[in-house]
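Notes for the structure review
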Amino acid sequence: MKIGIVTYWKSSCNYGEQLQNYALQEYLKKIGHDAFLIRYDYDNDRISRTPYKKIMKLLDPSQTTSYLKSVIYGKRLVRDGKIHPRRFQEFRERYLSMSRLYTSLGDLQNDPPEADMYITGSDQVWNTFEGGLAEMRNRLRVFFLDFGRKDVLRVSYAASWGRSELPEEEKSLIIPLLSAFNAVSVREKNGIDICRELGRKDATLALDPVLLHDAGTYRKLFTEAKNNGSERKYLFFYYMNNDGPYNRKSVFDWAEVHGLDVVYVTDDWRDDYKRSFPDVGQWLELIDGAECVLTNSYHCSLFCLIFGKRFGVIRRFGKYSGMNTRMDSVFEVFGIEPRYVNDKDFDVLNRQVDRTNKEGLYSMMTPDEVIKIALDNYGKKTDN
């Protein structure tokens, strides 16, 4: 079966984004499908605000500060990317099958990629983030597969809402689109509740794609220098952009007391600590070789489980706090005592992860099972 996948893929610094792409394609290809990424240019398909709304936003001091921060942040990322390339594009070109670049919803609707099935997911494809529906309507319609022939099967695989509730205006847009899906699976338990609220009582829980493979699969992606420059034992600190008040110095202080170096990887620029800029393989190797890992990243936490590492999770704050449901679901489904840390208590890093409870893992859907549901549902519709 030819399967086109829409998901997030463009980041130059989000390792989990790249690896969930790789993991889903790799799995689908191993079970005999011709899977490819539909390269939708979501960043450039935002609906522009009217000049009036832009002016009103900039006149609000809190909005002005947020806007200026985003501009500075964007420029810093571009600069860092040029000085310290993480070679994500090389990774995609080597490991992913990809379509041509689709520039907009209209482009996808006018010339949809040929496929027997479209999959949306994994990752937070159903999260509008800070843009809201006003700006993200086109993106949301693409991620709810509002393109292509009606006879193409439509499936969500381990899709994430990245939040706990939806505004009413989004529900009005989503309900008819979601009703056209042949199978619906989500990544978090609260996502099932949202789907049921939107009329999909058949929604199931599915494994994040990175959990479809064992450690050996990912170790094949390792490259060159062991530990990316650290000769001593180290704590791996992977901290994604977060507006919260977390005291990062406390991490370095704790590591020093315990005789550990810190290998620090981030997409942030709000501190002056020495940072590393590994490629995808090196990032995996850093997790695998660490004494312990501290992160606020969902996928980094999953790779700690895959590699059997001691790890602690920093909660997300403010507008990102809805993302904490992802880790809550992981801890609950896998029967793991929550491993959250703050900037004063790192005791969890001294405790091994209890991975003896596998019931949650076995009860979750894999892509071939979700595809079978889609085919069965499609057969029922055509029979009727």
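Described in the following lines is the structure provided in the data block.

Criteria and cut-off values
- Residues numbered from 1 in each chain as written.
- Predicted model: local features only at pLDDT ≥ 70, side-chain atom pairs only at ≥ 80, totals over all residues.
- Heavy atoms only, no water.
- Helix = DSSP H or I, 4+ residues; strand = E, 2+ residues; numbered from the N terminus.
- Buried < 20%, exposed > 50% of the residue type's maximum accessible area, 1.4 Å probe, protein only.
- Contact = heavy atoms within 4.5 Å.
- Areas by Shrake-Rupley, 256 points an atom, 1.4 Å probe, with all protein chains shown as cover.
- Salt bridge = Lys/Arg side-chain N within 4 Å of Asp/Glu carboxyl O.
- Pairing = 2+ DSSP bridges.
- Core = buried A, V, L, I, M, F, W, Y, C linked by side-chain atoms within 4.5 Å.
- Axes fitted to C-alpha atoms, helices over the stretch in contact; angles between N-to-C directions.
- Phe/Tyr/Trp six-rings, centres within 6.5 Å; stacked < 30°, edge-to-face > 60°.
- Lys NZ or Arg CZ within 6 Å of the ring centre and 35° of its normal.

**Here's the deal with the overall build of the protein chain**
Tallying secondary structure elements over the protein chain gives 15 helices and 12 strands in all. Evaluated residue by residue, the protein chain yields a buried proportion of 55% over its 384 residues. In the protein chain, once contacts between residues fewer than 6 apart in sequence are set aside, the share between residues at least 24 apart is 77%. Of the roughly 17,300 Å² of accessible surface on the protein chain, 50% is carried by carbon and sulfur atoms.

**Examining helix H10 (residues 249-257)**
At 3.6 residues per turn, the α-helix brings residues three or four places apart onto the same side. Those residues of H10 lying buried are Ser250, Val251, Phe252, Trp254 and Ala255. Buried positions along H10 lie against strand E8 (234-239), strand E9 (261-266) and strand E10 (292-295). Two residues or fewer past H10, Gly259 is found with a positive phi of approximately 70°.

**Points about the pattern of salt bridges**
Scanning the entire structure with this criterion turns up 24 salt bridges. Salt-bridge contacts for Lys10 lead to Asp43; the nearest nitrogen and oxygen are separated by 3.6 Å. With Lys10 in the loop between strand E1 (2-6) and helix H1 (15-30) and Asp43 in the loop between strand E2 (34-40) and helix H2 (51-59), the pair connects residues that are 33 residues apart, well separated along the chain. Its relative accessible area of 24% is what places Lys10 among the partly exposed residues. Of the residues examined, Asp43 reaches a relative accessible area of 40% and is grouped as partly exposed. The partner of Arg141 in a salt bridge is Asp146, and the shortest N-O contact between them spans 2.8 Å. One connected set of salt bridges, linked through shared partners, spans Lys10, Asp41, Asp43 and Arg139.

**Side note on the pairing of E8**
Most of E8 sits inside the fold, with 6 of its 6 residues counted as buried. Burial of E8 is two-sided: the residues Tyr234, Phe236 and Tyr238 facing one way and the residues Leu235, Phe237 and Tyr239 facing the other way are all buried. Note that E8 and E9 share 6 bridges and pair parallel. Bridge pairing links Tyr238 to Val265 in E9.

**Observations regarding the nonpolar core**
In this structure, Trp126, Trp161, Tyr218, Phe236, Trp283 and Phe303 are the most contacted members of the largest nonpolar core, which totals 102 residues. Sequence-distant contacts of Phe236, defined by excluding residues within four places in its chain, comprise Val263, Val265, Trp283, Leu286, Ile287, Ala290, Cys292, Val293, Leu294 and Cys300. By size, the runner-up hydrophobic cluster in this structure holds 17 residues, among which are Leu235, Phe237, Val251 and Ala255.

**Re unusual backbone geometry**
Backbone torsion omega between Gly121 and Ser122 reads 0°, so that peptide bond is classified as cis. With respect to the helices and strands, the residue Ser122 is situated in the loop between strand E4 (117-120) and helix H6 (132-143). The phi angle at Ala158 is positive, at roughly 50°, despite the residue not being glycine. Mapped onto the elements of the fold, Ala158 is located in strand E5 (residues 153-159).

**Details of the sheet that holds E9**
Read from one edge to the other, the open sheet built from 5 strands follows the order E9-E8-E10-E11-E12, with strand pairing classed as parallel. What marks the edges here is a single partner per strand, and that holds for E9 and strand E12 (340-341). Here E8 runs beside E10; their pairing, made up of 4 bridges, is parallel. Each residue of the ladder has a partner; that of Tyr238, found in E10, is Thr295. Contacting E8, E9 and E10, helix H11 (residues 280-289) runs over the sheet at an angle of about 130° to E8.

**Some words on the packing of aromatic side chains**
Within this structure, the stated rule accounts for 31 aromatic pairs. Judged by centre distance (5.7 Å) and plane angle (45°), the rings of Phe237 and Tyr239 are tilted. For the pair Phe237 and Tyr264, a centre-to-centre distance of 4.9 Å together with 20° between the ring planes defines the contact as stacked. Of this pair, Phe237 sits in strand E8 while Tyr264 is found in strand E9, placing the two residues 27 residues apart along the sequence. Pair check on accessibility: Phe237 and Tyr264 agree, each one buried. Linked through ring pairs, Tyr15, Phe88, Tyr218, Phe222, Phe236, Tyr238, Trp283, Phe303 and Phe307 together constitute an aromatic cluster. When the ring centre of Tyr42 is taken as reference, the NZ or CZ atom of Lys10 above it lies at 5.9 Å.

**Some points on the sheet that holds E1**
Read from one edge to the other, the open sheet built from 7 strands follows the order E3-E2-E1-E4-E5-E6-E7, with strand pairing classed as parallel. Pairing within the sheet leaves two strands with one partner each, and these edge strands are strand E3 (98-102) and strand E7 (204-205). In this sheet, E3 lies alongside E2 in parallel orientation, the contact comprising 3 bridges. In the sheet register, Arg39 faces E3, and the bridge partner there is Leu101. Packed on one face of the sheet, H6 meets E1, E2 and E4 and runs near 170° to E2. In this fold helix H8 (residues 189-197) packs onto strand E6 (183-186) and E7, with an angle of close to 145° to the strand it touches most, E6.

On their own, these measurements won't tell you what the molecule is for.
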